[in-house]
Every structure is written in structure tokens, then in C-alpha cells.
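A look at the structure
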Amino acid sequence: MPTGLSSSGSVRWRAQLLSELCRSGCCLPQPAYPPGSGRSKACVCGSERATGTNRHLYRSEAGLRGVGPGIWRPGETSSGSRPRARPEGCCLRRPWGERPASETALLQGVARSTETSRAGGVILLQIKNMVKLIHTLADHSDDVNCCAFSPSLLATCSLDKTIRVYSLSNFTELPHSPLKFHTYAVHCCCFSPSGHLLASCSTDGTTVLWNTQNGQTLAVMEQPSGSPVRVCRFSPDSTCLVSGAADGTVVLWNIQTYKLYRCGSVKDGSLVACAFSPSGDLFVTGSSCGDLTVWDDKMRCLHSEKAHDLGVTCCDFSSQPVSDGEQDFQFFRLASCGQDCQIKIWIVSFTHILGARENEENKIQGKGFVLKYKSTLSGHSAPVLACAFSHDGQMLVSGSVDKSVVVYDTNTENILHRLTQHTRYVTTCAFALNTLLLATGSMDKTVNIWQFDTEALCQAGSMEDQLKQFTEDWSEEDVSTWLSEQGLKDLVDIFKMNNIDGKELLNLTKESLADDLKIESLGLRSKVLRKIEELRTKVKSLSSGTPDEFLCPITRELMRDPVIASDGYSYEKEAIENWIGKKKRTSPMTNLILPSVVLTPNRTLKMAIDRWLETHQK
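Computed from a predicted structure; not experimentally measured.

**Re the overall build of the protein chain**
- A count of helical and extended segments in the protein chain gives 12 helices and 33 strands.
- Counting across all 618 residues of the protein chain, residues that qualify as buried make up 55%.
- Of the contacts made within the protein chain by residues no fewer than 6 positions apart, 49% connect residues no fewer than 24 positions apart.
- Of the accessible surface of the protein chain, which amounts to about 27100 Å², a share of 49% is contributed by carbon and sulfur atoms.

**Let's talk about the sheet that holds strand S11 (residues 217–222)**
- With antiparallel pairing, four strands are arranged side by side in an open sheet as S8-S9-S10-S11. Two strands close off the open sheet at either side, each with one partner strand: strand S8 (186–191) and S11. Ignoring which end each strand starts from, the neighbouring axes of this sheet average 15 degrees apart.
- Judged from the five bridges that link them, strand S10 (residues 206–211) and S11 form a sheet pairing that is antiparallel. Within S11, the residue paired with Thr207 across the bridge is Met221.

**Observations concerning the side chain of Ser442**
- In this structure, Ser442 sits in strand S29 (residues 437–442).
- A relative accessible area of 0% places Ser442 in the buried class.
- One polar contact links the side chain of Ser442 to the main-chain carbonyl oxygen of Arg424, over a distance of 3.2 Å.
- Engagement of the side chain of Ser442 in a polar contact is seen with the backbone oxygen of Tyr425, the distance being 2.8 Å.
- With residues up to four places along the chain from it excluded, the contact list for Ser442 reads Asp143, Val144, His422, Arg424, Tyr425, Val426 and Thr427.

**Some thoughts on the confidence of the model for the protein chain**
- Looking at the protein chain as a whole, its pLDDT mean stands at 75, while 69% of the residues score no less than 70.
- The model gives residues 324–328 a pLDDT under 50, and that stretch makes nine contacts with residues more than four places away or in other chains.

**Concerning the pairing of strand S18 (residues 291–296)**
- Within S18, five of the six residues are buried, which leaves it mostly tucked inside the rest of the structure.
- In terms of strand pairing, strand S17 (residues 282–287) meets S18 through five bridges, oriented antiparallel. Residue pairing across strands places Phe283 opposite Trp295, the latter belonging to S18.
- The turn joining S17 and S18, which pair antiparallel and follow one another in sequence, is formed by three residues; a positive phi near 105 degrees is taken by Gly290.
- Pairing of S18 with strand S19 (residues 301–306) involves five bridges; the strand directions are antiparallel. Looking at the pairing, Thr293 lines up with Ser304 of S19.
- Here S18 folds back onto S19 in antiparallel fashion, the turn holding four residues, of which Met299 has a positive phi close to 65 degrees.

**Brief notes about the side chain of His182**
- With respect to the secondary-structure elements, His182 resides in the loop between strand S7 (179–180) and S8.
- Given the relative accessible area of 5%, His182 is considered buried.
- A polar atom in the side chain of His182 sits 2.8 Å from the side chain of Ser200.
- When sequence neighbours within four positions are dropped, the list of residues in contact with His182 reads Lys161, Ile163, Ser200, Cys201, Ser202, Asp204, Thr206 and Val208.

**A few points about the pattern of salt bridges**
- Applying the stated criterion across every chain yields a total of five salt bridges.
- Across the pair Arg300 and Asp296 runs a salt bridge whose closest N-O atoms are separated by 2.7 Å.
- Classification of Arg300 by relative accessible area gives partly exposed; the value is 22%.
- Taking relative accessible area as the criterion, Asp296 reaches 0% and is therefore assigned buried.
- Across the salt bridge formed by Lys298 and Asp297, the nearest N and O atoms sit 3.8 Å from each other.

**Digging into empty space enclosed by the protein**
- A full pass over the atoms with the stated rule returns two cavities of 30 Å³ or more.
- The calculated volume of the second largest cavity comes to roughly 50 Å³.
- Along its surface, the second largest cavity is lined by Arg333, Ile345, Leu377, Phe389, Leu396, Tyr408, Asp409, Thr410 and Glu413.

**Let's talk about the sheet that holds S29**
- Judged by pairing direction, the sheet is antiparallel, and its four strands sit side by side in the order S3-S30-S29-S28 without closing on themselves. The open sheet has two edge strands with one neighbour each: strand S3 (131–137) and strand S28 (426–431). Across the sheet, the mean angle separating the axes of adjacent strands is 25 degrees when strand polarity is ignored.
- By the bridge criterion, six bridges tie S3 to strand S30 (residues 447–452) in an arrangement that is antiparallel. Its bridge partner being in S30, Leu133 is matched across the sheet by Trp450.

**Section: the pairing of S28**
- The buried fraction of S28 amounts to six of the six residues, a majority that puts the element mostly inside the structure.
- Pairing geometry for S28 and S29, over five bridges, is antiparallel. Paired with Val426 across the bridge in S29 is Ser442.
- The antiparallel hairpin formed by S28 and S29 contains five residues in its connecting segment.

Rules of the game
- Residues numbered from 1 in each chain as written.
- Predicted model: local features only at pLDDT ≥ 70, side-chain atom pairs only at ≥ 80, totals over all residues.
- Heavy atoms only, no water.
- Helix = DSSP H or I, 4+ residues; strand = E, 2+ residues; numbered from the N terminus.
- Buried < 20%, exposed > 50% of the residue type's maximum accessible area, 1.4 Å probe, protein only.
- Contact = heavy atoms within 4.5 Å.
- Areas by Shrake-Rupley, 256 points an atom, 1.4 Å probe, with all protein chains shown as cover.
- Pairing = 2+ DSSP bridges.
- Axes fitted to C-alpha atoms, helices over the stretch in contact; angles between N-to-C directions.
- Polar contact = N/O pair within 3.5 Å; in protein donor to acceptor, adjacent residues only side chain to side chain.
- pLDDT = per-residue confidence, 0-100.
- Salt bridge = Lys/Arg side-chain N within 4 Å of Asp/Glu carboxyl O.
- 1 Å grid on protein atoms, 1.4 Å probe; cavity = no way out; pocket = protein on both sides within 12 Å on 5 of 7 lines; lining within 4 Å.
- Points joined across faces, edges and corners; volume = space filled by probe spheres on them.

See below:
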């Protein structure tokens, strides 16, 4: 830890370093050396030391502390000029196997390939032949940054400054491809819902609209600040386009006039991720400082949530609602991933409330918004760079620095498959709209096209009822693997000495941990019990088939009379009343003081539960 920094300060310092951008516009933030280490002007991408006018971005020790002349804008050199190409010596050009041993030990993990095993805190149910590689595109001359589908086309973009467009019928490149306009790396590309427009954004500070029929440039929209544009997304009705930049600015463009409609910004970090809700009422942005920020369609900030400690890298909405509420109430899943190696699932609701609620700053009239954390998927052993839902919302895919692609079942959160054909970081992934196709792009300069077998997917669904049996049948080695994945590697030898297998693991109590296993640390015992309880909950929830959002967070049982507490979460009325009655004025979910003990009936959730019960009883 740098001299003079407190423990909390070191966390902020590390998060700040990980949010820095390589001056080439690379999408993979890398840590620099700490102040006071004698290498305070090292390149943030890890290559040779940077001094003065060197070709890499750097921050001096004063700059890192927020004062003095060392402060710079992402995407500029110390002299304010535009970045040049990345040098060959940059660590981002080295294959994974050539990284220093210390970095490799930190990031590499073992990707298990058995048909039924544990991986990253979730059950891995790999089905042979469920997905197969049908084509590889190798036309880009540098790292692939993004890929996107329209109903009939696939677009890819790269650090080589180009966008390439392919036909889905035979994966041949269109006559007018590649599309060339940008003068620096292209970070993101996306189609309008109709597929008639294609947008791309770049380190050169522009977002370009293309005609997909002939490849002509329709408009060049410059970010007001001139900062490198990291992400762009169309609204579901194609009337607007959002662009997010390295300086934290976010712009809403009018697609009919190609003019700036509204502009805003986040407090810290670069904007690197964006996703519109299926209804188009709101969109979410993710920043390199780890925040998810929710905006309405008038660019008013509704909410900000710390999601990933070391930075958000991508986010995506599922197009399918979790459950149907009243006509003006909808639940949707949101996935976010980050440098912390995790994927987080959130439940998002957006409703028009009778009467008006006025926010002093934004004057938001008659709108209510809720963002609730649901669960964490830990199937990767290194930072997760991309995530995307399938069009039907049944699958979630992610790509990582560990060079793997993981496919999840969104209902059970089981791992369906792990794809390991890429030889370098997986930077992007996307599902096709109308077919079971998946595209994954990588720093190995290729885009792989995968096809899913419908029959195998059905087989994966039928295996859910075997989950409990799989857990109870874990061997001692499986339990050891699980402990390591949960950050409890120090307990592996103790569990092995006591022959703890899957069945024994599920039956452990705080008494047995203290008396039988002789784990003296109270904090360590509490952490183990918490992890075991999470495992029991997942087993119980998946075995019963009950949606997790219908279970009371306190009792983990189906709610019959759900109420909303002042922390924004829903509970079974009797359970939360008992909780508060025992003089616990803290939230069961956040452990923060409840501002009020008033409980409000959640009639919408109750209706959804009642409908679910009626359906399953039939």
C-alpha cells in the first residue's frame, strides 16, 4: 500500500488506478505503479516507464492525489494531443501466457470441463454438443472490441479503426465492408432495432451513423467535450442514440435530426457501458469507477448504485419481463459485469404512480424506479469484460480475461457451457435476434460464431431437478474446490482432515465449525456459514422452482403477504414485523438503519405470486 494512505484510501487508490485508460483507447484498464514506489510515472498499461512526452498516458504522484500538474484527461497525452498506436512493448499486446508470473498467478484459474461440477459458486451442468463452433471470422488486423447483430447482419469493430459487416446467411463480408471513417480505435458498434442503421464510436471523439444497405456515412456526431467515445446504444424505438465518453459525459442524440438532444455526466470515471430498458423508459450506464447510473428518457438521473468495486465493464437488459404486474408495473433483469471478476443480476422496475412525486433537483413527475440486487454469478477467474442476454431471456453469456466464454441459464443461474477456443481475452459477446447464434470476439483478432442445439438446451432444463443430488454427491475434492472459489482456501486442509463431503457441508452448523472443526475465528466461521447458507438457498430455490424474487429474504419461503419496508425491499409481513419487534432497526438486506418502520403492502408482487401459484397448481 502506498506510504501515507489509510486502508480505505488504498482501496480508492486501487480502484482509481484500475479505471485509467491506456492512451491507445484500449478497453482493458491496467494498474500503474503506486506513488512512492520509485516508479510513479510508469505507463498505466504496464509497459516501459513514461516520461514527459512519451507515447503513453501517465499520472504523476501529485496527479494521483488529485492536485498539481499531473492530472490528465483519458484519451490524451500529457501534452493534450490525440493518442497514437499502442507500442509493441505494451503488456496488452502480450499473449496471456507471456504475462509476468505474478500476474498470471493472480488472474489465472482452472476452468473445469466435467459434465457435472462446481465452478465459481454456481452449479456447472455442461451438456455435450449443446453448442458448436460453426464459423470463425479473422479479417480484423487488431483486437476485436465489439460485435452486434441485426435481423440479417453481423457487425464487428476493432482497434484497427474499421467496422466490418457480414451477412448471416453465409457469413460473407458485404461488398461495401469494411466501413472506414474513424481515425483511431473503434470501441463499440450497434444496430438500430430495424437494422437499417449502424452506429459506431471511437477514440477520435465521434459517433458515426451508417446506412447498412450501402455503407454510406449518414452523420458524424462529435462528443461535445471531444473525449474518446467508449459506448453507444440505440433506444428501442430508434428515435434516440446514447453515447458515453471517457470523461464521464453521456449524450442523448436525436436520430431524426442528428442533433444533440440532452447531455449529462457522471461524477467519476469513464463511461464504458450502456443499456436501454426494453420499454425505452430508461437506460443504465456503467462507469470505470464501478457505478451503475439510471437515467430516464429525458436524461434525468434517477439512481446511482455502487455495483463493482474495481469498475463496471458491461451491462445488458433482458428483453423478457421477470413477472407481469399491473399494466403500469414491470420487472426486468439487468446484468452487469466488472473488473471484480463477477456478474451481478439486478431486478429493475419502472412504474407510473398515481399522483406525483417531485424530486427537488430533477422535478421527476409521477415516476417510480427500483433497482434491487438479486444475485452474483462467479463463473470466471479473471475480470469479466462482456455480458449479454439471449433474445428470449433464457440465457446469459459472458466473456472474460481468463479467455473463456460462459453460458448461463438465467432462471436457475446454472452454467450450461464453457467455451475456451479463444487464445486471448474475450472482449465482446452477443446473441442473434431470431436464431440461436452467438458471436464472441477477442483480442486474438477473431470473431467466433456458435450455434446452439435446441434439443440439448431442453436436456439442460430437465437436469435442474438433479441439482440437490449433485450438491449432496460432491466429493471432498469438490468441496475443496468450492472453498477455494469462495475465498476460503485456508480451510481446505481442515475440511479434508475431517472428510467433509457435499452432504456433510450442507449440514454444518456454527457449533460444528467451532467444536468439531476447531475454527477459532468468529469472523471466519460467520463467513463460512454465510456461504453455506447461500448454497442451501440456491439448492432449495432451484429444487422447488420458485422464483427467487417471490421468496422472503428473511425466511426464504414463498411470501403470502408481501410488504415493502423503508429500505425498498419486500418481505413477508409477519417476518419483518418480528424482525423489527426484536428491536432490530437495521435492514435485513443492507444492515443499515431503517429510516422508518412503516410497512407498505406490495399488492403488485402479491398479484404476481397469486398468478404464479394458480399456474403451477394447474
